[in-house]
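Architecture at a glance
Residue-level listing of the chains:
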Number of protein chains: 2
Amino acid sequence: MRILVTGAAGMLGRKFCQRLAAVGRIADQAVESLTMADVVEPPAPVGAPFPIGLETGDLSQPDVAERLIADQPELIVHTAAVVSGEAEADLEKGYRINLLGSQYLFDAVRRAAFHPRLVFTSSMAVFGTPFPEKIGDEFLSAPLTSYGTQKAMAELMLADYTRRGFFDGIGIRLPTICVRPGKPNLAASGFFSNIIREPLNGQPAILPVPDTVRHWFASPRAAIGFLFRAAEIDTAKIGPRRNLTMPGLSVTIGEMIESLRRVAGEKPVRLIRREPDSAILRIVEGWAQNFDPVRARSLGFVAEKKFDEIIRAHIEDEGAGG
Amino acid sequence: MRILVTGAAGMLGRKFCQRLAAVGRIADQAVESLTMADVVEPPAPVGAPFPIGLETGDLSQPDVAERLIADQPELIVHTAAVVSGEAEADLEKGYRINLLGSQYLFDAVRRAAFHPRLVFTSSMAVFGTPFPEKIGDEFLSAPLTSYGTQKAMAELMLADYTRRGFFDGIGIRLPTICVRPGKPNLAASGFFSNIIREPLNGQPAILPVPDTVRHWFASPRAAIGFLFRAAEIDTAKIGPRRNLTMPGLSVTIGEMIESLRRVAGEKPVRLIRREPDSAILRIVEGWAQNFDPVRARSLGFVAEKKFDEIIRAHIEDEGAGG
């Protein structure tokens, strides 16, 4: 199978490619080749049993999508995006990259008429308050950020282009990914990962919201699992509603901290400094807290069931706190 | 108040302008000037107590939107669109006119920074099966046509641009407009109007679906009422979810025919010829049958309560069957 990954320098794209290199297979087929594309040159995983092409280019520029799909990949994993903070700060850039870039990719695939599987990483940001206690699969997308708006618009086009047979699309709405490795990016949700990652590495971390704040999480490992599942699933079972809220875990900050204590003891917990920030709290209060993703679960998408698993996955995958 | 109407040669745009010319006021203000714009020159209503400018131009071409908003209208009524049949038959044209044309208009308004009220005519086509018995205000947009997809995408952008303060937007999701005057357009829903309009004029009409088919209607008069209401409403009451399912009337074909019999007697009813068409039935079965538009009703949008009223409005407004 020939594969194209956009946003391959980003955390998810990179981890997906690393996993591909490690297992050499996806959707019951050997990987024949992998194209990793991003606006900066993506880091190729070492030791892959297949050739890897590295491409740099901005999907929102004409002809870049055409170049990236030149070898007609059977699987496209489209993760390229600017994050929520940046899409809010720079309106035109957000629409250009997140919406127009996706449109250019979808249209290039349509015109080339090779009908690949196309997996699109969407976000729980397509939802906006007020919410029911648990957001079900039939709840409206009424985003309250430009990022969520752009993802929701691309979702609609993905479903339409799938219905019309241009490609076989799946949009997967990711929970907040936690624990994110590395340094914080521009996402306003950064502190959720910081309060676990930094203390595990002996560093202090600031908690700007109360312990009662509830949120919806999956590990990077679970997210890569979603991508693999989306690549292999029998799409005839999905029907025309191709955008699926992924499973996740709904926990409070207090529960996260208890989990950190169970997994790593009292020492990291003491490194969490409570510095309430009403501006951040106001943003976080607009985010979904809990979902009932019946469809995705029935289609075989699996996330963690306890936050302890999320912390352990982080320690195992990143060698954190070791 | 200065007003711009796009799609002013279309049925709704034209009727809205006629009504403006007749009453001379909207949202408690005198109309100062009206710009009617479309891809063909729109027909100016006679006897308007304000100057009318006629503009031709395609909103999906660069700089057309800038020209249309040059006098910074306080109210923009954006009805320009290609209809569902055409958007399905010509994919690129549908996305170009219905999505890109709307985006160009929204962006031109954003850049000119004059913050008008912007009323956008959306459609019940933003919804797709399977449906609950009545579609509520929190039901997802999962359209099953490219037209519905384009309307849903424009809705999202309208809500985002409103949230960001670029304009004061309202999207109104129209029911199927019945009885449409004049000749059938490319909409697949044409027969709903044909079976009333043609017999009232002594002409035969073909009914391609069973009498049990249920659908969601409002008269052209009610639709124009929605536009006036959307222009005058205190938008602070709406909140960030700016796209509203309009009220309407849920009736079966059988009930429509009984209504025609009550209003106009047996003779027109005999002109309805039943010629089942399974292709049309399949399309119609994908359409919503009933809604529970609590929000729009509470915001003062009003539709007919009986189909007899819809037929009488048609006879009064169009001089049909007279």
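Computed from a predicted structure; not experimentally measured.

Right, let's talk about the pairing of strand 4 (residues 33-38) of chain A for a bit. All names here are of chain A. Burial runs high along strand 4: 5 of the 6 residues are buried. In this structure, strand 1 (residues 2-6) lies alongside strand 4, joined through 5 bridges in parallel fashion. Pairing of Val-5 across the sheet is with Met-36, part of strand 4. Two elements, strand 4 and strand 5 (residues 52-56), share 5 bridges in a ladder whose sense is parallel.

On to the sheet that holds strand 13 (residues 249-252) of chain A, then. All names here are of chain A. Read from one edge of the open sheet, 3 strands run 9-11-13, paired in mixed fashion. In the strand order of this sheet, the two ends are held by strand 9 (176-177) and strand 13, each with one partner. The pairing of strand 9 with strand 11 (residues 214-218) spans 2 bridges and is parallel. Paired with Thr-176 across the two strands is Phe-217, which belongs to strand 11.

Residue and element names in this part refer to chain A. Along its sequence, chain A is organised into domain 1 (2-174 + 219-245) and domain 2 (190-216 + 249-290 + 304-318). Taking the mean C-alpha position of each, domain 1 and domain 2 sit 27 Å from one another. Split into classes, the residues belonging to the side of domain 1 that touches domain 2 amount to 7 nonpolar, 3 polar and 3 charged.

A few words on the relation of the copies chain B and chain A. With an RMSD of 0.0 Å, the operation that places chain B on chain A is a rotation of 180° combined with a shift of 0.0 Å along the axis. Within this description, the copies of the chain are treated as partners about a two-fold rotation axis. Across chain B, the rotation axis passes nearest the C-alpha of Leu140(B), at a separation of 1.9 Å. Of all interface residues in chain B, 100% are interface residues in chain A too; the two copies therefore contact each other through one and the same surface.

Turning our eyes to something else, we now look at the interface of chain B and chain A. On the side of chain A, 20 residues touch chain B, which itself brings 20 residues to the contact. Counting residues per element, the side of chain B that touches chain A draws most heavily on helix 5 (residues 146-163) of chain B, at 9 residues.

One finds Val5(A) and Val5(B) to be the most contacted residues of the largest nonpolar core, which totals 197 residues. Residues contacting Val5(A), with those up to four places away along its chain left out, are Gly13(A), Phe16(A), Cys17(A), Leu34(A), Met36(A), Ala37(A), Val77(A) and Thr79(A).

Within helix 6 (residues 190-200) of chain A, 11 of the 11 residues are buried, which leaves the element mostly enclosed by the surrounding structure. Where helix 6 of chain A is concerned, the buried positions are Gly190(A), Phe191(A), Phe192(A), Ser193(A), Asn194(A), Ile195(A), Ile196(A), Arg197(A), Glu198(A), Pro199(A) and Leu200(A).

As a further point, take the pairing of strand 8 (residues 168-174) of chain B. Residue and element names in this part refer to chain B. Counted residue by residue, strand 8 has 7 buried out of 7 residues, so it is predominantly covered. Burial of the side chains of strand 8 extends over both faces: Asp-168, Ile-170, Ile-172 and Leu-174 are buried on one face and Gly-169, Gly-171 and Arg-173 on the other. As paired elements, strand 7 (residues 117-123) and strand 8 share 7 bridges and run parallel to each other. Along strand 8, the bridge assignment pairs Val-119 with Ile-170. With helix 5 bridging strand 7 and the parallel strand 8, this β-α-β connection has right-handed handedness.

It is worth spelling out the sheet that holds strand 8 (residues 168-174) of chain A at this point. Residue and element names in this part refer to chain A. What the 7 strands build is an open sheet, ordered 5-4-1-6-7-8-12; its pairing is parallel. Each having just a single partner strand, strand 5 and strand 12 (243-245) make up the two edges of the open sheet. Mean inter-strand twist for the sheet, computed between neighbouring axes without regard to direction, equals 20°. Relative to strand 7 (residues 117-123), strand 6 (residues 75-78) runs parallel, the two being bridged by 4 bridges. Looking across to strand 7, one finds that His-78 is bridged to Phe-120. Contacting strand 1, strand 4, strand 6 and strand 7, helix 1 (residues 11-23) runs over the sheet at an angle of about 155° to strand 1.

A word on helix 8 (residues 253-264) of chain B. Residue and element names in this part refer to chain B. With 12 residues, helix 8 should reach 16 Å at 1.5 Å per residue; the first-to-last C-alpha distance of 16 Å fits that figure. Taken as a whole, helix 8 has its buried residues at Ile-253, Met-256, Ile-257 and Leu-260. An end-on view of helix 8 places all buried positions within 95° of arc, on one side of the element. Lining the buried residues of helix 8 we find helix 6 (190-200), strand 10 (205-207), strand 13 (249-252), helix 9 (266-269), strand 14 (272-274) and helix 12 (307-318). Immediately beyond the C-terminal end of helix 8, within one or two residues, lies Gly-265, with a positive phi of roughly 90°.

Glycine aside, the phi torsion of most residues is negative, and most peptide linkages are trans. At the junction of Thr129(A) and Pro130(A), the peptide bond is cis and its omega measures out at 0° in the coordinates. Relative to the assigned elements, Pro130(A) resides in the loop between strand 7 and helix 5 (146-163). For the bond from Cys178(B) to Val179(B), the omega torsion is 10°, close enough to zero to count as cis. Among the structural elements, Val179(B) can be located in the loop between strand 9 (176-177) and helix 6. The phi angle at Gln72(A) is positive, at roughly 50°, despite the residue not being glycine. Mapped onto the elements of the fold, Gln72(A) is located in the loop between helix 2 (64-68) and strand 6. Residue Gln72(A) is classed as partly exposed on the basis of its 13 C-beta neighbours within 10 Å. The residue Asp28(B) is not glycine, and still its phi comes out positive at about 65°. Within the secondary structure, Asp28(B) is located in the loop between strand 2 (25-26) and strand 3 (29-30). On the neighbour-count criterion, Asp28(B) (8 C-beta atoms within 10 Å) is exposed.

Let us now look at the environment of Ser193(A). Residues and elements named next belong to chain A. Mapped onto the elements, Ser-193 comes out in helix 6. A C-alpha to C-alpha distance of 8.1 Å links Ser-193 and Ile-177, two positions 16 residues apart in sequence. Discounting chain neighbours no more than four positions away, the residues touching Ser-193 are Cys-178, Val-179 and Arg-180.

Residues and elements named next belong to chain A. Among the structural elements, Phe-167 can be located in the loop between helix 5 and strand 8. Since 21 C-beta atoms lie within 10 Å of it, Phe-167 is described here as buried. Beyond its immediate chain neighbours, meaning those up to four positions away, Phe-167 contacts Val-109, His-115, Pro-116, Leu-118, Tyr-161 and Thr-162.

About the thresholds
Residues numbered from 1 in each chain as written. Chains lettered and ligands numbered in written order. Predicted model: local features only at pLDDT ≥ 70, side-chain atom pairs only at ≥ 80, totals over all residues. Buried ≥ 20, exposed ≤ 12 C-beta atoms within 10 Å, placed from the backbone. Helix = DSSP H or I, 4+ residues; strand = E, 2+ residues; numbered from the N terminus. Pairing = 2+ DSSP bridges. Domains from an automatic or database assignment. Nonpolar A, V, L, I, M, F, W, Y, C, P; charged D, E, K, R; others polar. Least-squares fit on C-alpha atoms with pLDDT ≥ 70 in both. Contact = placed C-beta atoms within 7 Å. Core = buried A, V, L, I, M, F, W, Y, C linked by C-beta atoms within 7 Å. Right-handed = clockwise from strand over helix to strand, strands pointing away. Axes fitted to C-alpha atoms, helices over the stretch in contact; angles between N-to-C directions. Expected span 1.5 Å × (residues − 1). Arc of directions from axis to C-beta.

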